[in-house]
Amino acid sequence: MPIFAVKTTASQERTVADMIANREADDIHAVLAPDSLTSYVMVEADSDGAITRALEEIPHARGLVESGGQAGSSSMAEVEHFLSPTPDVEGIAEGDIVELIAGPFKGEKARVQRIDETKDQVTVELYEATVPIPVTVRGDQIRVLDSDER
């Protein structure tokens, strides 16, 4: 089954994907709007004509991405990496300086002491604390400020 890319207005990917998914079209099978792909929605359909008809009434949908004058389709292998979630702790290393962006210590700076990839958690030691306190937070609650690897 071919997968087609639909160009959208920036920040309207989810809206366009929802509108395509809510249409009762038998020839459109799946819609994907990955966060890492801005201004595009991936649509699995029988043909490009089915998508073109669906897009006529959808605001913020700019049309199909074309290659050589005709709608270019992708295979499942080309979009597979959008389907598997990446852990929040990816790209964080022990010794990195981070800022806590959520929770009771929001705004505090800390140094990464330990990373638990299975639980997607990071243990950090707060910088400004008089007594070093290890705090375990979720990976999505920190932002890397300075990395030893860079």
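No experiment lies behind these values; they were computed from the predicted model shown.

### Quick notes on the UniProt feature "domain: KOW" (unreviewed entry) in the protein
UniProt's feature table lists "domain: KOW" (unreviewed entry) at residues 91-118, given in the numbering used throughout. Along residues 91-118, the helical share is 0% and the strand share 43%, with 15 Å between the first and last C-alpha atoms.

### Thoughts on the domain arrangement of the protein
The domain boundaries assigned to the protein delineate domain 1 (3-82) and domain 2 (96-146). Taking the mean C-alpha position of each, domain 1 and domain 2 sit 38 Å from one another.

### Some words on the sheet that holds strand β11 (residues 134-138)
Strand order in this open sheet of five strands is β11-β10-β9-β8-β12, and the pairing throughout is antiparallel. Looking at strand neighbours, the two that pair on one side only are β11 and β12 (142-146), the edges of this open sheet. Each strand of the sheet is rotated relative to its neighbour by a mean of 45 degrees, with strand direction disregarded. Taken together, the four bridges between strand β8 (residues 97-100) and β12 define a ladder with antiparallel strand orientation. Bridge pairing in β12 links V98 to V144.

Definitions and limits used
Residues numbered from 1 in each chain as written. Predicted model: local features only at pLDDT ≥ 70, side-chain atom pairs only at ≥ 80, totals over all residues. Heavy atoms only, no water. UniProt positions renumbered as here; feature names shortened; annotations may be inferred. Helix = DSSP H or I, 4+ residues; strand = E, 2+ residues; numbered from the N terminus. Domains from an automatic or database assignment. Pairing = 2+ DSSP bridges. Axes fitted to C-alpha atoms, helices over the stretch in contact; angles between N-to-C directions.

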